[in-house]
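# A closer look at the structure
Below, each chain spelled out in residue letters.
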Amino acid sequence: MNLEHGFRHDTKIRMQDGTSKEIQYIKVGDCVVGENNAINKVVYVGSESADNTPLCSINASDKFFTPTTKFKTLTGWHTLPNEKIKYLHKYDAIDEIVSVDQANSNQQLYVLSLDGNHSHYANNYLVHNWFHKKIIDKIKEKLRRAKERLKKVVKGIIGGLKK
């Protein structure tokens, strides 16, 4: 599948009820808290083994995210490490970045796709979700089939009116 970005299996995700749940236990249909306390529904959960994939940490915490993860900063959404970014939005605070460390990992990674404003909290940092290309392809295919069925229905109605 090749995840564009992801989180380590034990990354804590802030849930609608105020609790936190490890991302490995999140299911489609669960509701998570996003930017501006929006409630976003999980529409897809992806998982893949991280074969020698870089994982990063913030301020000497445990490494939990890939470098392509977008974080909410004071100037918008940005990936880390980024020397120009000094502050990140957390659930209840703004966090100063002192350091971002990176090392390769072989752990299982998880990623969420959400509806709503496409954001959630991972280890209390506000991050932007990821939308898997396979979901887009499935939606396009369903729309194509629905369009074909609709054409047949309309053709049948028109044929019935001509009689």
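Here the structure is a predicted model, which means the values were calculated and not measured.

Parameters at a glance
Residue positions are counted from 1 within each chain, in the order its sequence is given. Per-residue local features are limited, in this predicted model, to residues with pLDDT of at least 70; the limit for side-chain atom pairs, both in listing and counting, is 80 or more; totals at the level of whole chains, interfaces and linings are taken over all residues. Just so you know, side-chain values use all the structure's heavy atoms and leave hydrogens and water out. The secondary structure listing takes helices from DSSP runs of H or I that are at least 4 residues long and strands from runs of E that are at least 2 residues long, numbered from the N terminus. We compute the radius of gyration over the C-alpha atoms and compare it with the globule rule, which gives 2.2 Å times the number of residues raised to the power 0.38. Exposure is judged per residue with a 1.4 Å probe applied to protein chains only, and the accessible area is read against the type maximum: over 50% gives exposed, under 20% gives buried, and values in between give partly exposed. Only heavy atoms enter the contact rule, under which two residues are in contact if any of them lie within 4.5 Å. What sets the accessible areas is the Shrake-Rupley method with a 1.4 Å probe; for residues, cover comes only from the shown protein chains. The sign given to each residue is positive for Lys and Arg and negative for Asp and Glu; His and the chain ends receive no count. Taken as the charge location is NZ of Lys, CZ of Arg, CG of Asp or CD of Glu. The rule is short: rings of Phe, Tyr and Trp, with Trp giving its six-membered ring, pair when the centres are within 6.5 Å, and they are stacked under 30 degrees, edge-to-face over 60, tilted in between.

### Some points on the overall build of the chain
Summing up its helical and strand segments, the chain has 1 helix and 14 strands in all. Here the chain has a C-alpha radius of gyration of 20 Å; the compact-globule value for 163 residues is 15 Å, and the former is much larger. When the 163 residues of the chain are sorted by exposure, 34% land in the buried category. Contacts spanning at least 24 positions in sequence make up 58% of the contacts within the chain whose residues lie at least 6 apart. Within the structure as shown, the chain displays about 9,700 Å² of accessible surface, and the carbon and sulfur contribution to it stands at 51%. The averaged location of the 18 negative side-chain charges in the chain is 15 Å from the averaged location of its 26 positive side-chain charges.

### Quick notes on the packing of aromatic side chains
If you walk through the whole model with that rule in mind, you get 6 aromatic pairs. Between Phe-7 and Phe-64, the aromatic rings sit 6.5 Å apart at their centres with planes inclined by 15°, giving stacked as the arrangement. Here Phe-7, found in strand S1 (residues 7–8), pairs with Phe-64, found in the loop between strand S6 (53–58) and strand S7 (70–73); they are 57 residues apart in sequence, far enough to count as distant. A residue is classified by how much of its surface remains accessible, and Phe-64, at 2% relative accessible area, is buried. Here the aromatic rings of Tyr-91 and Tyr-121 are separated by 5.2 Å at their centres, their planes lie at 85°, and the arrangement is edge-to-face.

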